[in-house]
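Close look at the chain arrangement
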Amino acid sequence: MIDIQPILNGDRLALSRLLSQIENDTLVGQRALSELFLHGGQAQLIGVTGAPGTGKSSLVNQIANHYRHPVDGSDPLTVAVVAVDPSSPFSGGAVLGDRIRMNALTGDPGVFIRSMASRGSLGGLAKTTAGVVQAFDAAGYEVILIETVGAGQAEVDIARLAHTTLVVEAPGLGDDIQAIKAGILEIADILVVNKADRPGLEQTERALKNMLQLAHPGRRIFKIYGNSDQLNDDQADEPLWTPPIKRTIATDATGVPELMDSIKTHRKYLEQTGDLARRERSRLASELEVLIEMALVSKWRDSLQDGAYTAVLDQLVTRKLSPQEAVQKLVSLEVS
Ligand SMILES: Nc1nc2c(ncn2[C@@H]2O[C@H](COP(=O)(O)OP(=O)(O)OP(=O)(O)O)[C@@H](O)[C@H]2O)c(=O)[nH]1
Ligand SMILES: [Mg+2]
């Protein structure tokens, strides 16, 4: 058993121990998460995803810095960072790299950084990431930044955790920009063209704009792109959010204040339209559904008599039963 009180009180060592339990998906970790759930739901979750090497970690570092040292004089917020490294051949060593680059933040008691290497399936990674985020949330971190590499299904699943998702591109990837078409555009709330100091910036921006227009032909994209992405009264009843495209240079923080404005604007949009509550509700609904399915299947397995499953499977293989009949037979066995 883990005593969750120290975690709720902000004890870093206790939190760190819990994170290991969650990463290893232990029963102890699961129990603690179940208790912690009741204390969460306050954190702002920001996902940062994109192709390897586009500057996600550098950007996360800058964003975290901004929350710790707000330029507008507001109170600093506590920040947790989860860097998910799916051990892709492209990002080998990224975990260590992330730690080194984030050194500026590591002495700060208001910042907690966790790098997670994937072990096992990517689906498992999405689950443990959700657990780690939940732990940070319950521990009281006000902003949680989640960095994931690439655009695979697992990354999309992880990004769905976030309230605001940044998709990071960099100039010079040429036609590779096509790669982000698949699935990733629909999860982007804000598109970031980082490495704006590199040649090919306009070309990348143009390609992104075209893709957005293709994806959302009906939207007033260019109006919103005008000169500001403040949410004014006119846009307040606009039912759809059109992802702005922001330029940044993560290595010297150029464009980062403007990016922070976009993140704030998106947050406001989520709150004003009720999207925040809707996202949260549908995320919890799908989580609940998965758990119910697992519980029902396991209950059903327990209720099966020895050999019943194999017997029906044999009949299926020899085509004495159709799959539909097999299901009827197996599921009704439960009541008999
Ligand atoms: N010129 C330039 N270099 C940058 C910029 N942002 C990041 N870099 C450099 O690009 C390299 C990769 O940056 P990271 O922040 O590690 O990128 P990443 O997307 O987190 O990388 P992975 O996690 O391995 O996918 C580093 O050498 C950074 O210093 C930028 O705006 N301009
Ligand atoms: Mg990184």
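Before reading further, recall that the structure is shown in the block above.
I will try to describe carefully the structure that is included in this document. Throughout this document, residue positions are counted from 1 along each chain, in the order its sequence is written. Note on labels: chains are lettered from A, ligands numbered from 1, in written order. The model is predicted, so local features are restricted to residues of pLDDT at least 70 and side-chain atom pairs to those at 80 or more, both for listing and for counting; the totals for chains, interfaces and linings are taken over all residues. To get the side-chain values, all heavy atoms of the structure are used, and hydrogens and water are removed first.

Okay, the overall build of the protein chain next. What the protein chain contains, in helices and strands, is 16 helices and 7 strands. Only protein chains enter the calculation, and the probe is 1.4 Å; a residue is then buried if its accessible area is under 20% of its type maximum, exposed if over 50%, and partly exposed in between. Counting the 336 residues in the protein chain, one finds 45% classified as buried. Taking the intrachain contacts of the protein chain between residues at least 6 apart in sequence as the baseline, contacts between residues at least 24 apart amount to 74%. Roughly 17,600 Å² of accessible area belongs to the protein chain as shown, and the carbon and sulfur atoms make up 54% of that amount. A run of DSSP states H or I qualifies as a helix once it reaches four residues; a run of E qualifies as a strand once it reaches two. Both are numbered from the N-terminal end. Only heavy atoms enter the contact rule, under which two residues are in contact if any of them lie within 4.5 Å. Under the convention used here, a 1.4 Å probe and the Shrake-Rupley method define accessible areas, while residue burial counts only the protein chains that appear.

Time to look at the sheet that holds strand 3 (residues 111-117). The strands making up a sheet associate through hydrogen bonds between their backbones, and the pairing can be parallel or antiparallel. Pairing is parallel across the open sheet formed by 7 strands, whose spatial order is 3-2-4-1-5-6-7. Of all strands in the sheet, those with a lone pairing partner are strand 3 and strand 7 (245-247), marking the two edges. Direction aside, the axes of adjacent strands within the sheet are offset by 20° on average. In the sheet, strand 5 (residues 164-169) pairs with strand 6 (residues 190-193) via 4 bridges, with the strands oriented parallel. Residue pairing across strands places V167 opposite L191, the latter belonging to strand 6. Strands are treated as partners if at least two bridges between them are detected by DSSP. Axis angles are defined between N-to-C directions and span 0 to 180 degrees, where every axis is a line fitted to C-alpha atoms and, for a helix, only to the segment in contact.

Our focus in this paragraph is the packing of helix 13 (residues 256-273) against helix 14 (residues 275-303). Axis separation between helix 13 and helix 14 bottoms out at 5 Å; the angle between their running directions is 80°. When the interaxial angle is binned, helix 13 and helix 14 end up roughly perpendicular. Across from H266, R267, Y269, L270, E271 and T273 in helix 13, the residues of helix 14 making contact are D275, L276, R278 and R279. Orientation labels follow simple angle bins: below 35 degrees gives roughly parallel, above 145 gives roughly antiparallel, 65 to 115 gives roughly perpendicular, and whatever is left gives oblique.

Its location among the elements puts T54 in the loop between strand 1 (44-50) and helix 4 (56-68). When its relative accessible area of 1% is taken as the criterion, T54 is described as buried. Nitrogen and oxygen atoms within 3.5 Å of one another constitute a polar contact, given that in protein one can donate a hydrogen and the other can accept it, and given that sequence-neighbouring residues count only through two side-chain atoms. A distance of 2.9 Å separates a polar atom in the side chain of T54 from the backbone oxygen of A51.

Turning our attention to the coordination of the magnesium ion (ligand 2). At 2.1 to 2.2 Å from the magnesium ion (ligand 2) lie its protein donor atoms, namely S57 (OG) and E147 (OE). Here S57, found in helix 4, pairs with E147, found in strand 4 (residues 143-149); they are 90 residues apart in sequence, far enough to count as distant. The pair S57 / E147 is uniform in exposure class, with both members buried. Any N, O or S atom lying within 2.8 Å of the metal counts as a donor, with the limit raised to 3.2 Å for Na, K and Ca; because water is left out of the atom set, some sites can appear incomplete.

So, about the pattern of salt bridges. We define a salt bridge as a contact between a side-chain nitrogen of Lys or Arg and a carboxyl oxygen of Asp or Glu at a distance within 4 Å. Within this structure, the stated rule accounts for 10 salt bridges. Linking R68 and D108 is a salt bridge whose minimum nitrogen-to-oxygen distance equals 2.7 Å. Of this pair, R68 sits in helix 4 while D108 sits in the loop between helix 6 (103-106) and strand 3, and the two are 40 residues apart along the sequence. Each member of the pair, R68 as well as D108, carries the same accessibility label: buried. The residue E205 makes a salt bridge to R247 at a minimum N-O spacing of 2.6 Å. Taken together, the positions of E205 in helix 10 (residues 201-215) and R247 in strand 7 put the pair 42 residues apart, joining distant regions of the chain. Residues joined in a network through salt bridges with shared partners are E202, E205 and R247.

All right, on to helix 14 then. Here the expected length of a helix is defined as 1.5 Å per residue gap, with one fewer gap than residues. Under the 1.5 Å per step criterion, the end-to-end length of helix 14 is 42 Å for 29 residues, consistent within 8% with the ideal 42 Å. Looking at helix 14, one finds that the buried residues are D275, L276 and W300.

The next thing to look at is the packing of aromatic side chains. Stacked, tilted and edge-to-face pairs are distinguished by plane angle, under 30 degrees for stacked and over 60 for edge-to-face with tilted covering the rest, among Phe, Tyr and Trp rings (Trp via its six-membered ring) whose centres lie within 6.5 Å. Going through the model one piece at a time under the given rule, you end up with 5 aromatic pairs. Taken together, a centroid distance of 5.1 Å and an interplanar angle of 50° make the contact between W241 and Y269 tilted. One end of the pair, W241, is in the loop between helix 12 (233-236) and strand 7; the other, Y269, is in helix 13, and 28 residues separate them in sequence. A relative accessible area of 4% means that Y269 is categorised as buried. Pairwise contacts between aromatic rings join F112, F136 and Y141 into one cluster.

We now examine the packing of helix 4 against helix 13. Running from N to C, helix 4 and helix 13 point in directions that differ by 75°, and their axes come no closer than 10 Å. As judged from the angle between their axes, helix 4 and helix 13 are roughly perpendicular. Residues L59, Q62, I63, H66 and Y67 of helix 4 pack against V256, P257, L259, M260 and I263 of helix 13.

Once that is clear, we can look at the nonpolar core. Ranked by internal contacts, the top residues of the largest apolar core, which has 32 residues, are L15, F136 and I144. Looking at this core, the elements that each hand over two or more residues are helix 2 (12-23), helix 3 (27-37), strand 2 (79-85), strand 3, helix 7 (122-138) and strand 4. By residue number, the principal contributor to this core is helix 7, which donates 7 residues. Those residues within four positions of I144 in sequence are excluded, and the remaining contacts are A43, Q44, L45, I46, A80, V82, V133, F136 and D137. Among the nonpolar cores identified, the runner-up in size contains 22 residues, and V60, V111, L145 and I190 belong to it. The definition of a nonpolar core used throughout is a set of buried Ala, Val, Leu, Ile, Met, Phe, Trp, Tyr and Cys residues joined through side-chain atoms within 4.5 Å.

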